[in-house]
Amino acid sequence: MRAPIRRPCTAALALVLGLAQATPGLTQDPGDDWDIVRDRRNKQVMAYLQFSNGLGITVRCLDGSLDAVIGGLPPPVNPEPSSIGISYRPLYMTFRDDEEYGGRWVIAVNDTMAVGLFPAPFARRLREGGALQIRVPDGGGEGRSLSYRIELPPSARHIDEVLTTCDRPLDDPRDDVLGRDENPGLPASIIWERAPRPTFPNNSTYASGFAVISCNTRPDGSLEDCIAESQHPADSRFGREALNATRRARLQVAEDADAPVPVRRVFFTVTFRLM
């Protein structure tokens with residue numbers, strides 16, 4: 001197993017933000033938990049670990065938006081492009097003695113970093129500590145997977161602080177509903193009668209992005225109890241606009257538009273592109 005090594009707070013910033021140096025508003029609290037950096041001025045809290053094999057994991061709350069980043073990965077060989085200029089790569093995880101699961105992660109501007117689509121369930125698994133294996137398809141060259149095996153310390157305080165700062169529960173039964181496939185999309189039996197049509201944020205500095213949303217369905221096709229699981233970029237406010245758009249959205253059964261929609265948790269992506 002690879003033991004975590006302590007880095008200064010600038011390492012966490014470089015991992016998440018690609019910044020070369022820290023800003024004066026930062027405070028750091030190292031110890032026997034995950035390292036944590038608090039930047040009150042910019043409304044962010046980050047818990048992170050850097051490992052001796054070059055791998056780094058960060059969970060961050062930025063102005064109410066939660067994200068999870070894995071850094072130090074080999075550059076992707078066959079990235080999956082999207083229509084909004086963002087690319088994905090697959091990563092597969094095995095926590096402790098659980099079964100392997102995985103899905104798409106967003107490739108950051110630095111292509112050795114990957115951003116999770118479902119950061120809260122990932123963070124809740126991380127906080128338990130123990131063995132973690134990360135398998136990177138094509139990480140050892142095309143057709144050759146690369147696996148990282150690391151030992152996570154349990155996080156009794158610092159990941160909890162990140163989650164609670166972003167108003168995310170420390171335990172959530174929705175993690176079981178999410179299952180093992182982290183590729184957000186409606187089930188084949190349900191389609192959009194009226195898809196979410198969000199308003200582009202007026203004060204956004206980004207031309208494109210997306211938000212991953214989860215909601216409970218109702219028999220009439222409307223949505224309730226919706227949550228922005230993630231947004232990219234993290235400070236884009238796309239999640240807020242996507243949630244507003246779900247109030248007018250409607251679902252229907254694919255084979256019978258008049259049938260009641262089954263009550264269940266659904267996950268989907270709302271994309272943004274400035275025309």
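Everything discussed here concerns the structure shown above.
None of these values were measured; they are calculated from a predicted model.

(A) View of helix α2 (residues 119-126). Judged by how many residues are buried, α2 sits mostly within the fold: eight of eight residues are covered. Along α2, the residues classified as buried are P119, A120, P121, F122, A123, R124, R125 and L126.

(B) Highlighting the pairing of strand β9 (residues 101-107). With six of seven residues buried, β9 is to be regarded as a mostly interior element. Connecting strand β8 (residues 87-95) to the antiparallel partner β9 that follows it, the hairpin turn spans five residues, and R96 within it adopts a positive phi of roughly 55°. One ladder, built from three bridges, connects β9 with strand β10 (residues 114-116); its direction is antiparallel. Across the sheet, W105 pairs through a bridge with G116, a residue of β10. Connecting β9 to the antiparallel partner β10 that follows it, the hairpin turn spans six residues.

(C) The arrangement of the packing of aromatic side chains in detail. According to the stated counting rule, one finds nine aromatic pairs in the structure shown. One Lys or Arg, R104, reaches over the ring of Y88 and ends 4.2 Å from the middle of that ring. The ring of Y92 has R135 sitting right over it, with the charged end atom 4.6 Å from the ring centre.

Cut-off values and rules
- All residue numbers refer to position in the chain's written sequence, counted from 1.
- Given that this is a predicted model, residues contribute local features only at a pLDDT of at least 70 and side-chain atom pairs are listed and counted only at 80 or more, while totals for whole chains, interfaces and linings are drawn from all residues.
- Processing note: side-chain calculations cover all non-hydrogen atoms of the structure and skip hydrogens and water entirely.
- Summary of the burial criterion: residues with accessible area below 20% of their type's maximum are buried, those above 50% are exposed, and those between are partly exposed, where the area comes from a 1.4 Å probe applied to protein chains only.
- Helix and strand assignments come from DSSP, with helices taken as H or I runs of at least 4 residues and strands as E runs of at least 2, each series counted from the N terminus.
- A pair of strands counts as paired when DSSP detects no fewer than two bridges linking them.
- The criterion for an aromatic pair is that two Phe, Tyr or Trp rings (for Trp, the six-membered ring) have centres within 6.5 Å, with stacked assigned to planes under 30 degrees apart, edge-to-face to planes over 60 apart and tilted to the rest.
- The criterion for a charge sitting over a ring is simple: Lys NZ or Arg CZ within 6 Å of the ring centre, and within 35 degrees of the ring normal.

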